[in-house]
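# Descriptive structure summary
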Amino acid sequence: MDACDVVVVGAGAAGLAAARTLKAAGRTVVVLEASERIGGRAWTTNPPALGGAWFDMGAVWLHAAEKNPLVPIAEAAGDKLLRSDAMREQRTFIGNRLATPEELADYEAAWDRFAAKADELLRPGMPDVPLAEVARRLPDDPWAVTVETWEGPIVDAADADAVSLRDWKANALTGSNLVPEGGIGAFVARRLGEGVEIRLGTPAKRVRWHGPGDAPVAVETAAGTLRARQCIVTVSTGVLAAGTIGFEPRLPAAIADCIEALPMGLALKVVLRARSEDRLGLPAHCLVERRVERSGEPTMIFQCWPYGRDYVQGWIGGGAAWELARRGDGPAAEFAQAALRTMLGARVDRVLEPALVTHWEADPWVRGAYCYARPGQAGARAALARPLADGRLVFAGEACSQGFAGTLGGAWESGIGAARLLLGEAV
């Protein structure tokens, strides 16, 4: 087929959702995927370094499960969904000691204090500010910077002073988190691409979106040119910003501004595996964290012995993640061990050894984890999703999600929304 109704660029969640929606409406669709697999940033592997256990390199959870559109799909297919929150125990340290029950109660209350101050800063008529402004307005709160660290580098994969408070508020997640047994990437590959024509290993090189006739769109690849009436592009803003795909004519300045306003954050996973049966006195599926004393302090949280396995997974985001990625796997593992050592002591070095580090920044088809909105740019997501040239060209993906940004569910919803726009349906 060298012609179809719609070309979809990218076989991540957004691209698959768009293709399925269009196909169900009777449109002919071809999905072009640059890599040799579907799923995008949802990718499950079975690394030998982890004994072949399934491991999600990118996306992990079906966030906000009560409203996540992928949960009913998994349930209808009979997939087992693990309730990660219910399984988890937590250990919070202040320096090298565990927080007291009174301190933990104050920590729990700090999340409400943080949210209330954010609401105060965002009251009607007030300008947008960085997420970091919230903790600055709570100078006497011992836990405000810890909450900031969670909401900025850990959740948004970007430093708090770089993140729009308004966009953070609009996309704050609530509810439970579920994990399809076997991994979320495996779930996507198993359940979401069925019946869709997908051409793997076929990067789109150029999108000509203003041609004549009944097929005004031409997408150029190394394998030839595919002509269509319309095109949905679902690649990351990192790929768009890098100019990996050319557009002819050039994208309007307003769209280029949106791409610049939505840069990619980075989350780095560092995995340390146990040398013995020693589990450092921690239960299975244990979250280990510490109180953060200074805004911007590089901070790694840990999931220890997930699902009873023999490894510890560290997670760090934002500028510190980019720096560790540049320095390489050795320094990243050393940072993780040092962070654990601060809390658990020298025993860490005897028990754990480096196993794996993820590198989404090095993937040319992604170039980061997911995007965030710069301060003052909370409207960029909606603007990027608006169709161009009477619907000949539409962008979709987690960057275009409003209310569910940075998530697999948000990407899925965005793909459906883009398809419905092309079908002339209300979104």
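Placed above this text is the structure.
Small disclaimer: the values here were computed from a predicted structure and weren't measured.

Moving on, we come to unusual backbone geometry. Geometrically, the link from Glu248 to Pro249 is a cis peptide bond, its omega value of 0 degrees lying close to zero. Positive phi, close to 55 degrees, is recorded for His285, a residue that is not glycine. Relative to the helices and strands, His285 resides in the loop between β14 (267–274) and β15 (286–290).

Moving on, we get to the environment of Ser35. Residue placement: Ser35 occurs in the loop between β2 (29–32) and β3 (44–45). Given a relative accessible area of 16%, Ser35 falls into the buried group. Counting along the chain gives 355 residues from Ser35 to Asp390, while the straight-line C-alpha distance between them is 30 Å. When near neighbours in sequence (up to four residues on either side) are disregarded, Ser35 contacts Leu200, Gly201 and Trp365. For Ser35, the side chain forms a polar contact with the main-chain oxygen of Arg37, separated by 3.0 Å.

Turning our attention to the nonpolar core. Counting residues in each nonpolar core, the largest one holds 75 residues, and the members touching the most others are Phe247, Phe302, Leu352, Leu393 and Phe395. Ranked by residue count, the leading element in this core is helix α12 (residues 329–344), at six residues. Excluding its chain neighbours within four sequence positions, the residues that come into contact with Leu352 are Leu272, Arg273, Ala274, Arg275, Leu280, Trp305, Val312, Gln337 and Leu340. Membership of the second largest hydrophobic core comes to 36 residues, among which are Val6, Leu70, Val188 and Val394.

The next thing to look at is the packing of helix α4 (residues 101–121) against helix α6 (residues 144–156). Look at α4 against α6: their axes get within 9 Å of each other, and the N-to-C directions meet at 70 degrees. Regarding the angle of α4 to α6, the classification is roughly perpendicular. Contacts from Tyr107, Ala110, Trp111 and Phe114 in α4 reach Ala144, Thr146, Val147, Glu148, Trp150 and Glu151 in α6. Of the residues belonging to the contact of α4 with α6, the class tally is seven nonpolar, one polar and two charged.

Let us now look at the pattern of salt bridges. On inspection of all chains with the given rule, the structure shows 28 salt bridges. Between Arg381 and Asp167 there is a salt bridge, with its nearest N and O atoms 2.9 Å apart. Here Asp167 lies in helix α7 (residues 165–170) and Arg381 lies in helix α14 (residues 380–384), a separation of 214 residues in the sequence. For the pair Arg381 and Asp167, one class covers both residues: buried. Glu248 serves as the salt-bridge partner of Arg208, at 2.6 Å between the closest nitrogen and oxygen. Taken together, the residues Arg208 in strand β10 (residues 206–208) and Glu248 in strand β13 (residues 246–248) connect sequence positions 40 residues apart. Among the residues examined, Glu248 registers a relative accessible area of 37% and is labelled partly exposed. Within the structure, one salt-bridge network assembled from shared partners comprises Arg206, Arg208, Glu220 and Glu248.

Cut-off values and rules
- Residues numbered from 1 in each chain as written.
- Predicted model: local features only at pLDDT ≥ 70, side-chain atom pairs only at ≥ 80, totals over all residues.
- Heavy atoms only, no water.
- Helix = DSSP H or I, 4+ residues; strand = E, 2+ residues; numbered from the N terminus.
- Buried < 20%, exposed > 50% of the residue type's maximum accessible area, 1.4 Å probe, protein only.
- Contact = heavy atoms within 4.5 Å.
- Polar contact = N/O pair within 3.5 Å; in protein donor to acceptor, adjacent residues only side chain to side chain.
- Core = buried A, V, L, I, M, F, W, Y, C linked by side-chain atoms within 4.5 Å.
- Axes fitted to C-alpha atoms, helices over the stretch in contact; angles between N-to-C directions.
- Parallel < 35°, antiparallel > 145°, perpendicular 65-115°, else oblique.
- Nonpolar A, V, L, I, M, F, W, Y, C, P; charged D, E, K, R; others polar.
- Salt bridge = Lys/Arg side-chain N within 4 Å of Asp/Glu carboxyl O.

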